[in-house]
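Fold and contact review
The primary structure of each chain is shown beneath.
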Amino acid sequence: MVFEDVTDKTAMANFKHHAGTLAKEYIFEVPSGGVAIFDYDGDGLPDIYLVNGSTIPALQGKEKPPRAALYHNLGNWKFEDVTDKAGVANERWGMGVAVGDYDNDGRPDLFVSNFGVSRLYHNNGDGTFTDVAEKVGVARKGWSTGATWGDYDGDGRLDLFVPGYLEIDLNNLPPNPKDANKPGGVGQNFCQFRGTPVMCGPRSLPGEGDTLYHQKADGTFEDVSVKAGVDDPQKYYGFSSAFVNANEDNRLDLIVVNDSTPKLFYINKGDGTFEEVGYPSGVALNENGREQAGMGVAIGDYDNSGRMSFHITNFSDDSNVLYHNDGDSNFTDVTFLAGLGEITLPFLGWGTSFIDYDNDGWLDLIVANGHVYPVVDEHQWGTSYAQQALLFRNTQNGKFQRVGAAANSGLASAWCGRGLAVGDLDGDGRLDEVINNADSKPTILKNVVSPAGHWLALKLIGDVSKKSPKDAIGANVYLTTGKMRQRRDVISGGSYSSQNDMTLHFGLGGFTTVDKLEIKWPDGTSEIVSVPGIDRKLTIAEGRGVVK
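Note that the structure is a prediction, hence the values are computed from the model and not measured. (Residues numbered from 1 in each chain as written. Predicted model: local features only at pLDDT ≥ 70, side-chain atom pairs only at ≥ 80, totals over all residues. Heavy atoms only, no water.)

Focus: the overall build of the protein
Operational definition: Numbering of helices and strands runs from the N terminus, with a helix taken as a DSSP run of H or I at least four residues long and a strand as a DSSP run of E at least two residues long. As defined in this context, the radius of gyration uses C-alpha atoms, and a globule is described by 2.2 Å times the residue total to the power 0.38. When a residue's accessible area, from a 1.4 Å probe over protein chains only, is under 20% of the maximum for its type it is buried; when over 50% it is exposed; and in between it is partly exposed. Here, residues are in contact when the closest pair of their heavy atoms is within 4.5 Å. To be clear on the numbers: accessible area is Shrake-Rupley with a 1.4 Å probe, and residue cover counts the displayed protein chains and nothing else. Neither His nor the chain ends contribute to the count of charged residues, in which Lys and Arg are positive and Asp and Glu negative. In plain terms, the charge of a residue is placed at NZ if it is Lys, CZ if Arg, CG if Asp and CD if Glu.
When helices and strands are tallied, the protein shows five helices and 41 strands. The C-alpha atoms of the protein give 22 Å as radius of gyration, which agrees with the globular expectation for 548 residues (24 Å, within 12%). Here the C-alpha coordinates of the protein stretch approximately 75 × 55 × 50 Å along the principal axes. Looking at the protein as a whole, 64% of its 548 residues are labelled buried. By sequence separation, contacts in the protein at least 24 residues apart represent 60% of the contacts at least 6 residues apart. Of the roughly 19,400 Å² of accessible surface on the protein, a fraction of 47% belongs to carbon and sulfur atoms. Computing the positive centroid from 48 side-chain charges and the negative centroid from 74, the protein places the two 2 Å apart.

In structure tokens:
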């Protein structure tokens, strides 16, 4: 057994995600909700934030809105619901969450992307948060999805990128599939999936552009989307994004995953602007030259080449896609070569993350799945509404192998998964997972794999005076043991509208010492840090080495 489902042993069993009707008559009822693992109070234990959806009656003020929830990690798999005290219930139609310490005060803040008006919860340091989105200028209106924080211009202040999905007018809704069989319904233009009426979208509905907010010296933000060249004038259906140093020039580039339209890949030119290179880089389409219905993105150096590759989840009847980073901003679709093609065809993927679940020093892969059309359960279409999560073990030769789901294990159950986040919730050195499921309780997967290799976890603190963000978003860390050199980056966002714990986790296999630990800080400086021991979590401050 790799994962044990411990949801019902925690307070999170009381959380219920809720988005629209169970019949899913409109597209905005489908893609909520993300999840974040982050340590909001600095006690060393990662906490959990679950985004919730809403309903049309709630938006109209006719019923109480569903609430997001923050769970404080008390240790030993005990969690306390602190939503009310923290003031982070959102009570809007939540989509996703991205974590970043935007004001460099040492406390992580939350950007919650909404269908409606988004929020920026500033961490006050006393267990409470304040929504400052309007005040600082990031109260984005429309349909915001998987955001990412990153300092793209090197001024030491985090900036914020938010993809837009599509435009929809609640007062002029598209055709509803339940009306198809009503008198007069025949002959009307209903949206269909395999000949069966379903909710409309995204195709046939107008898309929404994307937004880049640049943080100014006074802590407020300005919309520089057009100036920077990332406004998405084609209005693709944006779902997920991440700032990542993809081409080794110490500048943050940007990957944007779009639904039913080509993916966007922006190379940072270093002058405040980006060049969109999706097509020439090989990332826009799959190896057959087709655009895909992209949902989520995992970013990691799965072959220990020193370069960050992309794994992107897609709709059912299509495979997920693995883009290997060949260097020089060139990527190759190696999905089927890597063994991730055929096996993923029946699944509709959302959250995904590279994760070294067995600590052997090679990044494995996990995917949360779930369909968008409940009607699939009424047909023999080779798929289902609730779906198993998929775990793939890295076989260390560029390929992955599905890990079978042991009976009664955490991987044996099916859910309608959406957001997924990874973090070591109990400090035992094995990475755990949280999946936010549509219209259901979440899934908390405790990693119980045995035996597991040695490990090292790192929390980084940037030097603001040197123009590194305090939370070190954008840092790259290289760890060498013997002939193996691993890379991990501090990344905000990614997965599907979710946030992994930003503590960097390295599996060491049988190695009991670290030969070299090199940190490339966001400001461009490199630092070699001596590691006092393994099987522990270290805090490293820029220029000061291990401080805890």
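Some words on the pattern of salt bridges
For side chains of opposite charge, pairing can occur when their charged atoms come near one another. Short version of the rule: Should a side-chain nitrogen of Lys or Arg be within 4 Å of a carboxyl oxygen of Asp or Glu, the pair is scored as a salt bridge.
Under the criterion given, the structure shown has 18 salt bridges. Between Glu 25 and Lys 178 there is a salt bridge; the shortest N-O distance is 3.7 Å. In this pair, Glu 25 sits in the loop between strand E1 (3-5) and strand E2 (35-38) while Lys 178 sits in the loop between strand E12 (159-162) and strand E13 (192-193), placing the two residues 153 residues apart along the sequence. Residue Glu 25 is classed as buried on the basis of its relative accessible area, which comes to 11%.

As for the state of the cysteines
Operational definition: Here, a disulfide means two cysteine sulfur atoms that sit within 2.5 Å of each other.
Tallied over the entire structure, the rule returns one disulfide. There is a disulfide in this structure between Cys 191 and Cys 200, and the S-S distance comes to 2.0 Å. Since a negative S-S torsion denotes a left-handed disulfide, the Cys 191-Cys 200 link at about 100° is right-handed. The closest cysteine sulfur to the non-disulfide-bonded Cys 416 is located on Cys 200, 19 Å from its own sulfur. The class of Cys 416 is buried, set by a relative accessible area of 8%.

What about the sheet that holds strand E29 (residues 400-402)?
Under the convention used in this document: Only strands joined by at least two bridges in the DSSP assignment are considered to pair. Where helices are involved, their axes are fitted lines through C-alpha atoms of the stretch in contact, as for all axes, and angles between N-to-C directions lie from 0 to 180°.
Here four strands make up an open sheet; going across it, the order is E25-E26-E28-E29 and the pairing antiparallel. The strands lining the two open edges of the sheet, one partner per strand, are strand E25 (349-355) and E29. Strand-to-strand twist in this sheet, taken as the mean axis angle between neighbours without regard to direction, amounts to 25°. Relative to strand E26 (residues 364-369), E25 runs antiparallel, the two being bridged by five bridges. Within the sheet, the bridge partner assigned to Phe 354 lies in E26 and is Leu 365.

Notes on the sheet that holds strand E17 (residues 237-244)
Sheet strands pair by backbone hydrogen bonding; their relative direction is either parallel or antiparallel. An order of E17-E18-E19-E20 is seen for the four strands of this open sheet, with the pairing classed as antiparallel. Either end of the sheet is taken by a strand with one partner, and the two such strands are E17 and strand E20 (274-276). Across the sheet, the mean angle from the axis of one strand to that of its neighbour is 20°, orientation sign disregarded. As defined by bridge partners, strand E19 (residues 264-268) adjoins E20 across three bridges and the pair is classed as antiparallel. Paired with Ile 267 across the bridge in E20 is Glu 275.

As for the nonpolar core
Quick reminder of the rule: The term nonpolar core refers to a set of buried residues drawn from Ala, Val, Leu, Ile, Met, Phe, Trp, Tyr and Cys, joined through side-chain atoms within 4.5 Å. Those domain boundaries reflect an automatic or database domain assignment.
Membership of the largest hydrophobic core comes to 53 residues, with the highest contact counts inside it found for Tyr 49, Trp 149, Leu 458 and Leu 460. Two domains share this core, each providing at least three of its residues, namely domain 1 (3-168 + 205-454) and domain 2 (455-547). Counting residues in hydrophobic clusters, the runner-up holds 32 residues, among them Met 95, Val 372, Val 375 and Tyr 496.

Describing the pairing of strand E32 (residues 432-437)
The element E32 is largely enclosed, with a buried count of six among its six residues. By the bridge criterion, five bridges tie strand E31 (residues 417-423) to E32 in an arrangement that is antiparallel. Bridge assignment links Gly 423 to a residue of E32, and that residue is Asp 432. Examined bridge by bridge, E32 and strand E33 (residues 443-447) share three bridges and lie antiparallel to one another. If you follow Glu 433 over to E33, its bridge partner there is Leu 445. Hairpin connection between E32 and E33: a loop of five residues separates the two successive antiparallel strands, and Asp 439 in this loop has a positive phi of roughly 55°.

As for the domain arrangement of the protein
Under the convention used in this document: Buried area: the sum, over both parts, of the accessible surface (1.4 Å probe) that disappears when the two are put together.
For the protein, the assigned domains are domain 1 (3-168 + 205-454) and domain 2 (455-547). Here the C-alpha centre of domain 2 lies 21 Å away from the C-alpha centre of domain 1. Across the boundary between the two partners, domain 1 contributes 69 residues, which contact 44 residues of domain 2. A buried area of about 3,800 Å², summed over both sides, lies between domain 1 and domain 2, and 51% of it is on carbon and sulfur atoms. The three residues of domain 1 that bury the most area against domain 2 are Asn 104, Asn 250 and His 454, which together make up 17% of that side's buried surface.

Observations regarding the environment of Asp 109
What counts here: Polar contact is defined as a pair of N or O atoms within 3.5 Å, subject to the rule that within protein one atom must be able to donate a hydrogen and the other to accept it, and that residues adjacent in sequence are counted only when both atoms are side-chain atoms.
Among the structural elements, Asp 109 can be located in strand E7 (residues 109-117). With relative accessibility at 0%, the residue Asp 109 sits in the buried group. Sequence separation between Asp 109 and Val 99 is ten residues, and the spatial gap between their C-alpha atoms is 5.7 Å. For Asp 109, the contacting residues outside a window of four places in its chain are Ala 98, Val 99, Gly 100, Asp 101, Tyr 102, Asp 103, Leu 120, Tyr 121, His 122 and Asn 123. A distance of 2.7 Å separates a polar atom in the side chain of Asp 109 from the backbone nitrogen of Asn 123.

Regarding the packing of aromatic side chains
We count it as follows: Aromatic rings from Phe, Tyr and Trp, with only the six-membered ring used for Trp, were paired whenever their centres fell within 6.5 Å, and each pair was classed as stacked if the ring planes differed by under 30 degrees, edge-to-face if by over 60, and tilted otherwise.
Evaluated as defined, the whole model comprises 28 aromatic pairs. Here Trp 143 and Tyr 165 contribute two aromatic rings whose centre-to-centre distance is 4.8 Å and whose plane-to-plane angle is 70°, an arrangement assigned as edge-to-face. Within this pair, whereas Trp 143 is found in strand E10 (residues 141-143), its partner Tyr 165 is found in the loop between E12 and E13, the two being separated by 22 residues in sequence. For the pair formed by Trp 143 and Tyr 165, the shared burial category is buried. Ring plane angle 85° and centroid distance 5.4 Å describe the contact between Phe 239 and Tyr 496, whose orientation is recorded as edge-to-face. In this pair, Phe 239 is assigned in strand E17 and Tyr 496 in the loop between strand E36 (484-489) and strand E37 (504-509), connecting sequence segments 257 residues apart.

As for unusual backbone geometry
Between Gly 201 and Pro 202 the backbone carries a cis peptide bond, its omega angle lying at 0°. Mapped onto the secondary structure, Pro 202 falls in the loop between strand E14 (196-197) and strand E15 (211-215). For the bond running from Ser 450 to Pro 451, omega is -5°, close enough to zero to count as cis. Structurally, the position occupied by Pro 451 is in the loop between E33 and strand E34 (454-461). In this structure, Trp 77 takes a positive phi of about 65° despite not being glycine.

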